[in-house]
Amino acid sequence: MEVEEASSHTSRCTSVLHLLGFTFLSVVLQKVEVIVKVMETPRLVLKFVWMEKNIGVALDQVIPGYGTNPLSPYYFWPGKDAWEELKSTLESKPWISQKKMIILLNEATDIINLWQQSGGNQS
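Along each chain, the written sequence defines residue order, and numbers are assigned to residues from 1. Local features in this predicted model are restricted to residues of pLDDT 70 or higher, and side-chain atom pairs are both shown and tallied only at a pLDDT of 80 or more, whereas totals for entire chains, interfaces and linings draw on every residue. Working from all heavy atoms in the structure, the side-chain values ignore hydrogens and water.

For the rest of this paragraph, the subject is the nonpolar core. For our purposes a nonpolar core is just a set of buried Ala, Val, Leu, Ile, Met, Phe, Trp, Tyr and Cys residues, chained together by side-chain atoms within 4.5 Å. For every residue, the accessible area obtained with a 1.4 Å probe (protein chains only) is divided by the maximum for its type, and the residue is called buried under 20%, exposed over 50%, and partly exposed between those limits. Of all hydrophobic cores here, the largest spans 18 residues; its most connected members are Leu 46, Leu 59, Leu 86 and Leu 90. Under the DSSP-based scheme used, a helix requires at least four consecutive residues in state H or I and a strand at least two consecutive residues in state E, with every element numbered from the N terminus. Those elements that provide at least two residues to this core are strand 1 (43-50), strand 2 (55-63), strand 4 (75-77), helix 2 (82-91) and helix 3 (98-117). Excluding anything up to four places from it in sequence, Leu 46 contacts Val 57, Ala 58, Leu 59, Leu 86, Leu 104, Glu 107 and Ala 108. Note on definitions: a residue-residue contact is assigned when non-hydrogen atoms from the two residues lie within 4.5 Å.

So, in structure tokens, the structure goes:
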């Protein structure tokens, strides 16, 4: 049934129903627009605590629109091998790809090296 036909059909039905004493509720069809917002994918970030004698590194997952989910405690170097502890944490998360794990470990290495070159842990 075309829109014009539906309109005239509705008018005829309304007239008949009014003659019979019924209250008629007119239904209006309208176009509905749906907007789908694409959610950004969660990302992994390293957080650092830069101190004179130590540097700490932690792993967080940032979920856009929701916040941050810590995936590890801070691992401090040189007291312990923060890099090895971070590596173990990454390996325990099967949903983190090997490629992403390598990128994160390389970033941690770069920051720890930068900390050392800037005089970190010199007594």
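What follows continues from the structure just given.
Cis geometry is adopted by the peptide bond preceding Pro 78, which originates at Trp 77 and carries an omega value of 15 degrees. By the element assignment, Pro 78 lies in the loop between strand 4 and helix 2.

What follows deals with the pattern of salt bridges. Salt bridge, as applied in this entry: a Lys or Arg side-chain nitrogen positioned within 4 Å of an Asp or Glu carboxyl oxygen. This structure, assessed with the given rule, holds 2 salt bridges. Among the ionic pairs, Lys 87 bridges to Glu 91, the shortest N-O distance being 3.1 Å. Remark: Glu 91 and Lys 87 occur in helix 2; sequence separation between them is 4 residues, near one turn of the helix. Judged by its relative accessible area of 25%, Lys 87 is partly exposed.

A surface patch of nonpolar side chains, amounting to about 340 Å² of accessible area, comprises Val 32, Val 34 and Val 36. Along the chain, Val 34 turns up in the loop between helix 1 (3-19) and strand 1. Residue classification places Val 34 among the exposed positions, given a relative accessible area of 66%. Like charges are joined within 9 Å and nonpolar side chains (Val, Leu, Ile, Met, Phe, Trp, Tyr) within 5 Å, but only among residues with over 30% relative accessible area and no salt bridge; these make up the patches. Computed with a 1.4 Å probe, the accessible areas rest on the Shrake-Rupley method; for each residue, only the protein chains presented here act as cover.

What follows concerns helix 2. Among the residues of helix 2, Ala 82, Leu 86, Thr 89 and Leu 90 are the ones counted as buried. Viewed along the axis of helix 2, the buried residues span an arc of 100 degrees, placing them on a single side of the element. Next to the buried residues of helix 2 lie strand 1, strand 2, strand 4 and helix 3. What the arc describes is the spread of directions from the helix axis to the C-beta atoms.

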